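Residues per chain, in single letters:
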Amino acid sequence: MVEKVFRISSLQELQEFAKRLSECLRGNELILLKGNLAAGKTTFTRFLVSAIDSDAGEEVNSPTFSVMNEYETSRYPVFHVDLYRVKKFDLTDIIGNGLVIVEWPDESLFEIEDVPVVGIEFEITGENERILRLKVKKGGYILECFE
């Protein structure tokens with residue numbers, strides 16, 4: 001797994017990072033978001049879905065209580081899953097059938113072999129400042145977008 005580190009110092013920079021990532025995605029990836037509460041995982045997801053389809057981005061909210069939200073975009077379906085309160089959740093029906101974004105992923109999800117896996121770890125370093133660690137497995141085309 002290859003890792004790249006990004007320093008984000010504003011919401012605008014986070015939005016630009018999400019837009020850049022959206023331009024690389026093919027719609028079959030598994031994106032795993034790790035970080036403390038209020039680190040920006042749902043905000044990032046909103047920015048990412050908005051970059052894919054601005055109308056769908058308006059619908060994005062935290063699926064903490066519903067566990068999964070699905071957003072229909074003009075490019076492909078997006079499944080937004082929050083495992084904060086969930087011990088087990090079967091993703092097999094949705095992996096490979098759209099973009100799957102998981103907040104609070106179980107470590108075993110990094111081992112999935114069927115699709116490209118993108119891990120983004122959010123580290124809070126200031127009020128709007130974050131360090132993002134991007135790890136990609138089976139998705140070299142994604143790393144090329146950030147070169």
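In this text, all values refer to a predicted model and were calculated from it rather than measured experimentally.

Cut-offs applied
Residues numbered from 1 in each chain as written. Predicted model: local features only at pLDDT ≥ 70, side-chain atom pairs only at ≥ 80, totals over all residues. Heavy atoms only, no water. Helix = DSSP H or I, 4+ residues; strand = E, 2+ residues; numbered from the N terminus. Contact = heavy atoms within 4.5 Å. Expected span 1.5 Å × (residues − 1). Buried < 20%, exposed > 50% of the residue type's maximum accessible area, 1.4 Å probe, protein only. Pairing = 2+ DSSP bridges. Axes fitted to C-alpha atoms, helices over the stretch in contact; angles between N-to-C directions. Core = buried A, V, L, I, M, F, W, Y, C linked by side-chain atoms within 4.5 Å.

Caption draft 1: Structural context of the environment of isoleucine 101. Mapped onto the elements of the fold, isoleucine 101 is located in strand 5 (residues 99-103). Residues isoleucine 101 and isoleucine 31 lie 70 residues apart in sequence; the distance between their C-alpha atoms is 4.6 Å. Residues in contact with isoleucine 101, not counting those within four places in the same chain, are Ile31, Leu33, Thr45, Leu48, Val78, Phe79, His80 and Val81.

Caption draft 2: Inspection of helix 2 (residues 41-52) at higher detail. For helix 2, built from twelve residues, the straight-helix expectation of 16 Å at 1.5 Å per residue is met to within 8% by its first-to-last C-alpha distance of 17 Å. The complete set of buried residues in helix 2 reads Lys41, Thr42, Phe44, Thr45, Phe47, Leu48, Val49 and Ile52.

Caption draft 3: Representation of the sheet that holds strand 1 (residues 2-8) within the structure. Pairing is mixed across the open sheet formed by seven strands, whose spatial order is 1-7-6-2-5-4-3. Each edge of the open sheet is held by one strand with a lone partner, namely strand 1 and strand 3 (68-72). The sheet shows a mean angle of 15 degrees between the axes of neighbouring strands, taken without regard to direction. Pairing of strand 6 (residues 117-124) with strand 7 (residues 130-137), which is carried by eight bridges, proceeds in the antiparallel orientation. Its bridge partner lying in strand 7, glycine 119 is registered against lysine 135. In this fold helix 2 packs onto strand 2 (30-35), strand 3, strand 4 (77-82), strand 5 and strand 6, with an angle of close to 165 degrees to the strand it touches most, strand 5.

Caption draft 4: Structural context of unusual backbone geometry. Backbone geometry places alanine 38, a non-glycine residue, at a positive phi of 65 degrees. Counting through the fold element by element, alanine 38 comes out in the loop between strand 2 and helix 2. On the basis of relative accessible area, alanine 38 is assigned to the exposed category, the value being 67%. We note that lysine 138 has phi near 60 degrees; this positive angle belongs to a residue other than glycine. The residue lysine 138 is located in the loop between strand 7 and helix 4 (140-144) in this model. In this structure lysine 138 comes out as partly exposed when scored by relative accessible area, which is 48%.

Caption draft 5: How the structure looks around the nonpolar core. The biggest cluster of nonpolar side chains holds 32 residues, and the ones touching the most others in it are Leu21, Ile31, Phe44, Leu48, Leu99, Ile120 and Ile142. Looking at this core, the elements that each hand over two or more residues are strand 1, helix 1 (11-24), strand 2, helix 2, strand 5, strand 6, strand 7 and helix 4. Beyond its immediate chain neighbours, meaning those up to four positions away, leucine 21 contacts Ile31, Phe44, Leu48, Ile120, Ile142 and Phe146. Core analysis: the second largest hydrophobic core is formed by 16 residues, Val81, Ile95, Leu109 and Val115 among them.

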